[in-house]
Amino acid sequence: MDHVVETTIAFDRPACLPLRREIHALRARLEHVSGDSWHCGDVERDLRAQRALLRTVVDESPDLIVMKDHEGNFLLCNKPVADFYGTTPDDMVGKHDGDYSATPEQAEFFRRNVIEIMARGETVVVFEDSTDDRTGETRHFKSIKKPFMGDDGLPRILVIAHDITDITRAQQQVQESERRLSYVLNVTGEGVWDWDLATDRLQHNQRWYELLGYEKADLSSTLADFDHCVFDQDRDAVKLAINRCLQGHGAYRHEHRMRRKDGSVIWVLERGDVVERDAEGRPLRMVGSFSDVTERRLAEAETQRLAFFDPLTGLPNRRLMLDRLEHAIGNSARTSGYGALLFIDLDNFKDLNDTKGHAAGDTLLKQVGQRLSGCLRQADTAARMGGDEFVVIVENLGADAMQAATHAESVATMVLREIGMPYDIDGATCCSTPSIGIVLFGAPDDTADELLKRADFAMYQAKSAGRNTLRFYDPAMQEAMLARAALETSLRAGLQRGEVEIYLQPVVDAERRVVGAEALARWQHPERGNVPPAEFIPLAEQCGLIHQLGGHVLQAACDQLVRWSRSPASSTLKISVNVSARQFHQADFVRQVTDIIDRSGARADLLKLELTESVLLDDVEATIVKMTELKAHGVCFSIDDFGTGYSSLAYLKRLPLDELKIDRSFVADVLTHPNDATIVRTILALAQAFSLDVVAEGVETEEQRQFLMQHGCALFQGYLFGRPVAVGQFELTGD
Ligand SMILES: Nc1nc2c(ncn2[C@@H]2O[C@H](COP(=O)(O)OP(=O)(O)OP(=O)(O)O)[C@@H](O)[C@H]2O)c(=O)[nH]1
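- In the nomenclature of an unreviewed UniProt entry, the chain corresponds to EAL domain-containing protein from the organism Piscinibacter koreensis.
- The heading Catalytic activity (unreviewed entry) in the UniProt record of the chain holds the text "3',3'-c-di-GMP + H2O = 5'-phosphoguanylyl(3'->5')guanosine + H(+)".

Below, the structure is given as structure tokens:
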């Protein structure tokens, strides 16, 4: 048996007067007031009428009304009570709840409860349950229990029980759905708020506080507190979204940042809408929720970063740079002001990678990125294009081209200086320099693509000028660039059409007997005629055709060796082939050479590869490995233009060399300049000490030959013995 709440109400009348005394008192009062005398019969009739009325009222009341005596027996019951117990009001008089109640516990509770209340003599309100005998269902009641004194001087009690079952159930349903809603919201992780605009009070669910790391008591639950939690920079946008919603633009949905109690910042997706307005449409109540979307935002930011930034240096990547460049071009055209594009390529970066490892190269690139950023103003952009290439966009250089160029130059000079400072790479100091190409922009028809090409071209000029320097792109360069592009296209086609062939220049011994030849590439251009190697070989190197060209020359040389091998007079002749730095440093160079030798059937020991000193110095260790592999195959090596570089004698000892070639510049002045004579003598002595052959290049006079012979030179090449000629015209005598 449940009884829920008991409320005490002040007892306003100590007891009811007994009926007969009441009649007498009433009659006396009426006679006193009216001056008439009343007959007892009239009064009784009236009273009976009143009692009948009262009975009707009591029976018709939807509430359950009973009067009980001091032992809890019924003195009076109304119809609803009798219906409840499945009997009649008259039948109930003199009986008690136990005679009807389905559950003895309930009956006992009712009995004890009224006896206690009568003993206390105070009216109480009791929330209690009772079982409906007709249906067996439990009903809830709010009962007012009012004790009073009977005629006989014994206590009695009047009970008026109001059936609150429907309200209780409705309340329970509301509580249940609220509980479920809060469960669902907690599961979805939503922080919920409910804003009463009239009072400016905000109510939040527990999750709301949890998401922001607050305790309920920390906040005053006003809009000001919510405002305080919104991230400073986002506050205006949040207010705008809420205001638009208040003004009737519909529900809002907004992502912004919130600051948690501990100071950390989270991203939230907030949704809200006005749910109540007054008759004039003024908002009264707004509800909303937010969820923590920090992880998604971070993931999006990371995706964005990967798409637009170089992961190694953190600088904008090529894609973002192109976008910024296009903007900068647009701005320049609009404002008629110049901007500048700097194309920066590190010098000999490959060496660092090769000698210190890729990780060291990465460390350097990172530091270069930092230094570049340090050279720029806020509005400028430094980006990494890839590899060791960077780009800088400098904007707002004014309308004067000269001044713009001067400014761009000063930025580039600063970059040269900063990047040229020593680096600390894993505790070791190392140096790196850049070559920089600069192009100004500002013309309406400038395009990002074209500007990059021009800056790249100017950068290449800086490389050609010795590196660690800057060069401006100018229209003359443009001409050269166009010409170069045209030449590149026709060289590509020419190689396919077989326009490149080899010429042979004889190498003779002291008796002028031809002992071999140097193979020199010649390009017979259909319109331009004979294009000099100095023009098309560097071009082939720049545009990546050197692999194809080098292979073509090697193939022709090996084919020639095979042809010579068929005649005893020529079967021992050697052919030397020039190998450029880029060609030699290609990863598959060794395989390329050995494949050609093997395929052609030429004798490897009759093929001599001429390397320049710069090839040897580029990456000594890798060079030694490649040369040794080829040497093991039988291939011979010669150092071209020996003496013009800075070869260390230590390297000479380590390299598997067969021959040195004295550069034509020394030979030309050997009779007139004592220094050149000394150099020539030294080279010859050195070669002798290392047991190397020596070929003197560019011998044009008999006197030169005599001098060289006197100092031990045994092999010669030059116009004195023969110019380079087509393969078919090559003769075996050196006159
Ligand atoms: N460590 C590192 N090296 C890279 C990366 N990307 C490209 N490289 C290397 O960067 C080098 C670029 O060399 P190049 O610019 O062609 O040549 P260089 O040695 O700098 O010579 P010049 O430019 O002619 O002065 C190559 O060896 C690439 O393998 C990278 O992300 N990290």
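**Some remarks on the overall build of the chain**
Okay, so step 1: Looking only at helices and strands, one finds 26 helices and 28 strands in the chain.
Okay, so step 2: Counting only residues that meet the buried cut, the chain has 44% of its 735 residues in that class.
Okay, so step 3: Pairs at least 24 residues apart make up 59% of the contacts formed inside the chain by residues separated by at least 6 positions.
Okay, so step 4: For the chain, the exposed area adds up to about 37,500 Å²; of that, 52% sits on carbon and sulfur atoms.

**Regarding the site of the ligand**
Okay, so step 1: What surrounds the ligand is a group of 16 residues, the closest being Asn-348, Asn-353, Asp-362, Asp-388 and Arg-467.
Okay, so step 2: Take Leu-346: an N or O atom from its main chain is 3.1 Å from an oxygen atom of the ligand.
Okay, so step 3: About the coverage of the ligand: the protein hides 71% of its 650 Å² of free accessible area.
Okay, so step 4: Put simply, the parts of the chain that give the shell around the ligand at least two residues each are strand E12 (339–346), helix H12 (349–356) and helix H13 (358–374).

**So, the sheet that holds strand E17 (residues 434–441)**
Okay, so step 1: Taken together, 5 strands build an open sheet; the order of strands is E13-E14-E12-E17-E18 and the sheet is mixed. Strands at the two margins of the open sheet, each flanked by one partner only, are strand E13 (381–386) and strand E18 (470–472). Each adjacent strand pair in this sheet contributes to an overall mean axis angle of 20 degrees, direction not counted.
Okay, so step 2: Sheet strands touched by H13: E12, E13 and strand E14 (389–394). Its angle to E14, the strand with the most contacts, is close to 10 degrees.

**Focus on the side chain of Asn-73**
Okay, so step 1: With respect to the helices and strands, Asn-73 occurs in the loop between strand E2 (64–68) and strand E3 (74–77).
Okay, so step 2: Relative accessible area serves as the criterion here: at 15%, Asn-73 is assigned to the buried category.
Okay, so step 3: For Asn-73, the contacting residues outside a window of four places in its chain are Met-67, Lys-68, Gly-94, Lys-95 and His-96.

**Description of a nonpolar patch on the surface**
Okay, so step 1: A contiguous nonpolar surface patch, about 330 Å² in accessible area, is contributed by Tyr-183, Val-184 and Val-187.
Okay, so step 2: Tracing the chain through its elements places Val-184 in helix H6 (residues 165–188).

**Topic: the pattern of salt bridges**
Okay, so step 1: Counted under the stated rule, the structure contains 51 salt bridges.
Okay, so step 2: A salt bridge links Arg-492 to Glu-488, with the nearest nitrogen and oxygen atoms 3.2 Å apart. One end of the pair is Arg-492 and the other is Glu-488, both in helix H16 (residues 475–497) and 4 residues apart, which spans about a single turn.
Okay, so step 3: Given a relative accessible area of 36%, Arg-492 falls into the partly exposed group.
Okay, so step 4: Asp-605 serves as the salt-bridge partner of Arg-603, at 2.9 Å between the closest nitrogen and oxygen.
Okay, so step 5: Using a relative accessible area of 32% as the deciding quantity, one classes Asp-605 as partly exposed.

Rules of the game
- Residues numbered from 1 in each chain as written.
- Predicted model: local features only at pLDDT ≥ 70, side-chain atom pairs only at ≥ 80, totals over all residues.
- Heavy atoms only, no water.
- UniProt positions renumbered as here; feature names shortened; annotations may be inferred.
- Helix = DSSP H or I, 4+ residues; strand = E, 2+ residues; numbered from the N terminus.
- Buried < 20%, exposed > 50% of the residue type's maximum accessible area, 1.4 Å probe, protein only.
- Contact = heavy atoms within 4.5 Å.
- Areas by Shrake-Rupley, 256 points an atom, 1.4 Å probe, with all protein chains shown as cover.
- Near = heavy atom within 4 Å.
- Polar contact = N/O pair within 3.5 Å; in protein donor to acceptor, adjacent residues only side chain to side chain.
- Pairing = 2+ DSSP bridges.
- Axes fitted to C-alpha atoms, helices over the stretch in contact; angles between N-to-C directions.
- Patch = residues over 30% accessible without salt bridge, like charges linked within 9 Å, V, L, I, M, F, W, Y side chains within 5 Å.
- Salt bridge = Lys/Arg side-chain N within 4 Å of Asp/Glu carboxyl O.

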